[in-house]
Amino acid sequence: MTVALSPSPALLRPMTDPFGRTISYLRVSVTDRCDLRCFYCMAEDMTFLPKADLLTLEELDRLCSAFIAKGVNKLRLTGGEPLVRRNVMSLVRSLSRHLVSGALGELTLTTNGSQLARFADELADCGVRRINVSLDTLDAEKFRAITRWGDLGKVLEGIEAARAAGLAVKINAVALKGINEDEIPSLMEWAHGKGMGLTLIEVMPMGDIGAGRIDQYVPLSLVRARLAKRFTMTDLAENTGGPARYVSVHETGGKLGFITPMTHNFCEACNRVRITCTGTLHTCLGHEDASDLRKPLRASPDNDLLAAAIDRAIGLKPKGHDFIIDRRHNRPSVSRHMSVTGG
């Protein structure tokens, strides 16, 4: 892969949004495609972007490198499912040079686990030290129903391959009303028993999935209250700049996170922005804001135009989102699907 050009001096200033938050975390969707069709994330008959619309891997490298030069020290590759993009490991390996130089503190990814058995060793070799795996149930039939055709055994095999490669694994689970609510305690005990953290996530109203969200949504305040009847949970003071609030669980010795976009707006310390596989920058998950970075990226071989476009976009980052799910607002808050935005 071609190494990105050295950044110009205009790229060297840390990024600060209008509310004084330093942007140090970039999430990049390398593809909107996925080998699963989780019903809360995608419609069954999804129409994906034409491959010609996607940034090349070399362009994604250059774009990420420009953000790293501007102070991003954590980079997460997402999708869709990032590991289904052809030759994606060449991008991971190229970006790992920023770990070697010290410009980047962490390179990681979020995956559904289906391809981990193939790539776990290479990810570790590229300097990836931890990953997030999306997994909502340990029941094979329920897993197939949620994902529409997924193979739980393949995901569990991938998780074990990641752990054997030395990767720290955190499980992300979406709490689904009437589907996996009763399984959350056992899912937590399983994850903690293997030394893995678990983070629970509320359903978010993103994209038309062919069904209303109200029948999927369960507030995590209710889930936490139920867990408190069985487990001793102590709030942790950890603040990663991200949306999760963490507790330690005395009985399991593990850590449990809660991401609550619906019941608690978590934006006051937001340090992140997101780029789609087409080069569109979204500074907020819950807004329709969009800044085209593909045009300035392709307009010049140097990064001056790109740097100016990034600065303009960061200067428009909103204070926070206002997701709503109720009977009167049983439609997407934003039109784009999570797989396009990149989580």
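The structure under discussion appears in the preceding block.
Note that this is a predicted model, so its numbers are computed, not measured.

Colleague: In this structure, what is going on with helix H6 (residues 152–164)? I would like to understand it.
Modeller: Helical geometry note: an α-helix holds 3.6 residues per turn, so side chains three or four residues apart project in the same direction. For H6, built from 13 residues, the straight-helix expectation of 18 Å at 1.5 Å per residue is met to within 8% by its first-to-last C-alpha distance of 18 Å. Within H6, the full set of buried residues consists of Leu 152, Val 155, Gly 158, Ile 159 and Ala 162. Viewed along the axis of H6, the buried residues span an arc of 120 degrees, placing them on a single side of the element. Sitting at the head of H6, Asp 151 places a side-chain oxygen 3.0 Å from the backbone nitrogen of Gly 153. Positive backbone phi, at 95 degrees, marks Gly 166, one or two positions downstream of H6.

Colleague: Explanation requested: the sheet that holds strand S2 (residues 74–78) in the structure shown.
Modeller: Strand pairing in a sheet relies on backbone hydrogen bonds. The paired strands run either parallel or antiparallel. With mixed pairing, 12 strands are arranged side by side in an open sheet as S7-S8-S9-S6-S5-S4-S3-S2-S1-S10-S11-S12. With one partner strand each, in any of the chains shown, strand S7 (233–235) and strand S12 (291–292) form the two edges of the open sheet. The pairing of strand S10 (residues 272–275) with strand S11 (residues 280–282) spans 2 bridges and is antiparallel. Bridge assignment links Ile 275 to a residue of S11, and that residue is Leu 281. Along the sheet, helix H8 (residues 220–228) makes contact with strand S6 (197–201), S7, strand S8 (244–249) and strand S9 (254–259), crossing S9 at roughly 155 degrees.

Colleague: Help me understand the pattern of salt bridges in this model?
Modeller: Two side chains that carry opposite charge are able to pair once their charged atoms sit near each other. Applying the stated criterion across every chain, the model contains 13 salt bridges. A salt bridge links Arg 298 to Glu 59, with the shortest nitrogen-to-oxygen separation between them at 2.7 Å. Residue Arg 298 is found in helix H9 (residues 294–299), and its partner Glu 59 is found in helix H1 (residues 57–69); the two are separated by 239 residues along the sequence. Arg 163 serves as the salt-bridge partner of Glu 160, at 2.9 Å between the closest nitrogen and oxygen. A residue pair is termed a helical-turn pair when its members lie 3 or 4 positions apart in one helix, as Glu 160 and Arg 163 do in helix H6 at 3 residues. Where salt bridges share partners, they join Lys 74, Glu 106 and Arg 130 into one cluster.

Colleague: Explanation requested: the packing of helix H4 (residues 116–125) against H6 in the structure shown.
Modeller: Geometrically, a packed helix pair is captured by the angle between its two axes and the distance between the axes. Put simply, H4 and H6 touch, their axes get as near as 8 Å, and they point 15 degrees apart. Classed by the angle they form, the pair H4 and H6 counts as roughly parallel. Where H4 crosses over H6, the two elements pack in a sense that is right-handed. Mapping the contact onto sequence places Leu 116, Ala 117 and Ala 120 in H4 and Glu 157, Gly 158, Ile 159, Ala 161 and Ala 162 in H6. Here the residues of the contact of H4 with H6 are counted per class, giving 6 nonpolar, 1 polar and 1 charged.

Colleague: Please explain the environment of Ser 248 as it appears in this structure.
Modeller: Within the fold, Ser 248 resides in strand S8. Judged by relative accessible area, Ser 248 falls into the partly exposed class, the value being 26%. Residues Ser 248 and Met 233, 15 residues apart in the sequence, show an inter-C-alpha distance of 5.5 Å. If near-sequence neighbours (up to four positions away) are discounted, Ser 248 is found in contact with Thr 232, Met 233, Thr 234, Leu 236 and Gly 254.

Colleague: Any chance you could explain the state of the cysteines here in plain terms?
Modeller: Chemically, a disulfide is nothing more than a covalent bond linking the sulfur atoms of two cysteines. For the structure on display, the rule yields 0 disulfides. Looking at Cys 38, it has no disulfide partner, and the nearest cysteine sulfur is the one in Cys 41, 6.4 Å off.

Colleague: Is there a simple way to explain the layout of surface pockets in this structure?
Modeller: To find the voids left in a structure, one rolls a probe of water-molecule size over its atoms. Roughly 240 Å³ of volume is contained in the second largest pocket. Residue composition of the lining of the second largest pocket, by class: 3 nonpolar, 2 polar and 4 charged.

Colleague: Can you help me understand the packing of aromatic side chains in this one?
Modeller: Any aromatic ring pair is given by two values, namely how distant the centres are and how the planes are angled relative to each other. All chains considered together, the criterion is met by 1 aromatic pair. Pairing Phe 39 with Tyr 40 gives two aromatic rings, centres 6.0 Å apart and planes at 80 degrees, and the pair type is edge-to-face. There is no split in this pair, since Phe 39 and Tyr 40 are both buried. One Lys or Arg, Lys 74, reaches over the ring of Tyr 25 and ends 4.4 Å from the middle of that ring. For Lys 255, the ring lying beneath its charged end belongs to Tyr 246, and the centroid distance is 4.6 Å.

Cut-off values and rules
Residues numbered from 1 in each chain as written. Predicted model: local features only at pLDDT ≥ 70, side-chain atom pairs only at ≥ 80, totals over all residues. Heavy atoms only, no water. Helix = DSSP H or I, 4+ residues; strand = E, 2+ residues; numbered from the N terminus. Expected span 1.5 Å × (residues − 1). Buried < 20%, exposed > 50% of the residue type's maximum accessible area, 1.4 Å probe, protein only. Arc of directions from axis to C-beta. Polar contact = N/O pair within 3.5 Å; in protein donor to acceptor, adjacent residues only side chain to side chain. Pairing = 2+ DSSP bridges. Contact = heavy atoms within 4.5 Å. Axes fitted to C-alpha atoms, helices over the stretch in contact; angles between N-to-C directions. Salt bridge = Lys/Arg side-chain N within 4 Å of Asp/Glu carboxyl O. Parallel < 35°, antiparallel > 145°, perpendicular 65-115°, else oblique. Left-handed = near helix turned anticlockwise from the far one by under 90°. Nonpolar A, V, L, I, M, F, W, Y, C, P; charged D, E, K, R; others polar. Disulfide = S-S within 2.5 Å. 1 Å grid on protein atoms, 1.4 Å probe; cavity = no way out; pocket = protein on both sides within 12 Å on 5 of 7 lines; lining within 4 Å. Points joined across faces, edges and corners; volume = space filled by probe spheres on them. Phe/Tyr/Trp six-rings, centres within 6.5 Å; stacked < 30°, edge-to-face > 60°. Lys NZ or Arg CZ within 6 Å of the ring centre and 35° of its normal.

All quantities given are derived from atomic positions and should not be read as evidence of function.
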